[in-house]
Amino acid sequence: MLRLCASGLSCVRGARSIFDGINLELSSGEALALVGPNGSGKSSLLRLIGGLLRPAAGWIELAGGAAEQTLAEQAHYQAHQDALKPSLTVTENLRFWAGYLGGDAAAVPAALAAVGLGGLADLPAAYLSAGQRRRLSLARLIAVPRPLWLLDEPTSALDAAGQERLAELMHQHLSGGGLIIAATHGP
């Protein structure tokens with residue numbers, strides 16, 4: 001049973017206070033949607049939980065996870081921009097990330113199929129549409145399993161079919177005991 005807890009979180013960027021006194025608690029199989037206007041701190045909170053920013057105050061812990069790994073090592077942070085190398089193929093991009101993140105390259109074909117890109121495996125990423133690039137980025141969630149998904153606008157650029165696929169992947173992750181925190185402007 002996983003449990004993510006945060007208490008009294010404050011974030012300061014530059015000299016500006018972004019938020020103060022945030023508390024949250026999630027247990028296995030739960031999701032949290034962060035909603036609010038642009039600039040309200042949704043992305044900063046995700047980055048803070050993922051270990052990319054340090055809190056100005058407060059603490060965060062993941063109980064029940066791998067004791068030998070940090071919280072950041074047990075989380076996937078999916079940012080606004082898709083971190084892809086245009087000259088590499090779809091498969092090469094995902095193999096790179098699987099290797100870099102400690103995953104198994106053998107999981108790449110199944111991950112591509114799960115996001116509907118199996119037929120484009122040998123295509124250079126430069127030729128992908130914005131939605132296809134987003135799906136390739138989301139394939140990392142499948143290729144390298146981690147218990148906590150931190151998703152920043154995960155549906156951006158996805159068509160209706162891509163959004164349905166993502167919803168199913170999220171449902172499967174939660175059904176398996178995972179946690180999801182997503183910043184979103186949509187459903």
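Just above, that's the structure.
What counts and what doesn't
One numbering rule holds for all chains: residues counted from 1, following each sequence as written. The predicted origin of the model limits local features to residues at a pLDDT of at least 70 and limits the giving and counting of side-chain atom pairs to 80 or more, whereas totals for whole chains, interfaces and linings rest on all residues. Heavy atoms from the whole structure form the basis of all side-chain values; hydrogens and water molecules are not counted. Segments assigned H or I by DSSP are reported as helices when at least four residues long, segments assigned E as strands when at least two residues long, and all are numbered from the N terminus. Given a helix with a known number of residues, its expected span is that number minus one, times 1.5 Å. Think of it in three bands: with a 1.4 Å probe and only protein chains considered, a residue is buried below 20% of the maximum accessible area for its type, exposed above 50%, and partly exposed in between. Taking the helix axis as origin, the arc is that swept by the directions to the C-beta atoms. Salt bridges are identified by distance alone: a Lys or Arg side-chain nitrogen within 4 Å of an Asp or Glu carboxyl oxygen. Only heavy atoms matter for contacts: two residues are in contact if any of them lie within 4.5 Å across the pair. For the purposes of these results, a polar contact is taken to be a pair of N or O atoms within 3.5 Å, where, inside protein, one atom must be able to donate a hydrogen and its partner to accept one; residues adjacent in sequence count only when each atom of the pair is a side-chain atom. Any two strands between which DSSP finds at least two bridges are classified as paired. Inter-axis angles, ranging from 0 to 180 degrees, are taken between N-to-C directions of lines fitted to C-alpha atoms, where helices are fitted over the stretch in contact.

1. Thoughts on helix H5 (residues 160–175)
Line of reasoning, step 1. Helix length check: H5 (16 residues) gives 22 Å between terminal C-alpha atoms against 22 Å at 1.5 Å per residue, within 8%.
Line of reasoning, step 2. Those residues of H5 that sit buried are Gly162, Leu166, Leu169, Met170 and His173. Looking down the long axis of H5, one finds its buried residues gathered within 100° of arc, a one-sided arrangement. Every exposed residue of H5 that faces more than 90 degrees away from the buried side is listed here: Ala160, Glu164 and Ser175.
Line of reasoning, step 3. Where H5 ends, the next residue or the one after it, Gly177, has phi of about 95°, a positive value.

2. Structural notes on the pattern of salt bridges
Line of reasoning, step 1. Per the stated rule, a full pass over the model turns up two salt bridges.
Line of reasoning, step 2. For the salt bridge of Glu25 with Arg3, the shortest nitrogen-to-oxygen distance reads 3.1 Å. Of the two residues, Glu25 sits in strand E2 (residues 16–27) while Arg3 sits in strand E1 (residues 3–13), which places them 22 residues apart along the sequence.
Line of reasoning, step 3. For Arg3, a relative accessible area of 36% corresponds to the partly exposed category.

3. A few points about the environment of Asp152
Line of reasoning, step 1. By the element assignment, Asp152 lies in strand E6 (residues 148–152).
Line of reasoning, step 2. Distance from Asp152 to Lys42, taken between C-alpha atoms, is 8.1 Å for residues 110 residues apart in sequence.
Line of reasoning, step 3. Asp152 has contacts with Ser43, Leu46, Tyr77, Gln78, Ala79, His80, Arg134 and Ala183, leaving out every residue within four places of it along the chain.
Line of reasoning, step 4. Within the structure, the side chain of Asp152 is placed 2.5 Å from the side chain of Ser43, a separation counted as a polar contact.

4. Focus: the sheet that holds strand E4 (residues 57–63)
Within a sheet, each strand pairs with its neighbour through backbone hydrogen bonds, oriented either parallel or antiparallel.
Line of reasoning, step 1. Read from one edge of the open sheet, three strands run E2-E1-E4, paired in antiparallel fashion. Looking along the sheet, the strands with just one partner apiece sit at the ends: E2 and E4. On average, adjacent strands in this sheet sit at an angle of 15° to one another, irrespective of strand direction.
Line of reasoning, step 2. Two strands pair when backbone bridges link them, and E1 and E4 are joined in this way by six bridges, in the antiparallel orientation. The residue bridging Ser7 from the neighbouring strand is Trp59, located in E4.
Line of reasoning, step 3. This element, helix H1 (residues 42–49), spans E1, E2 and E4 of the sheet and lies at about 120° to E1.

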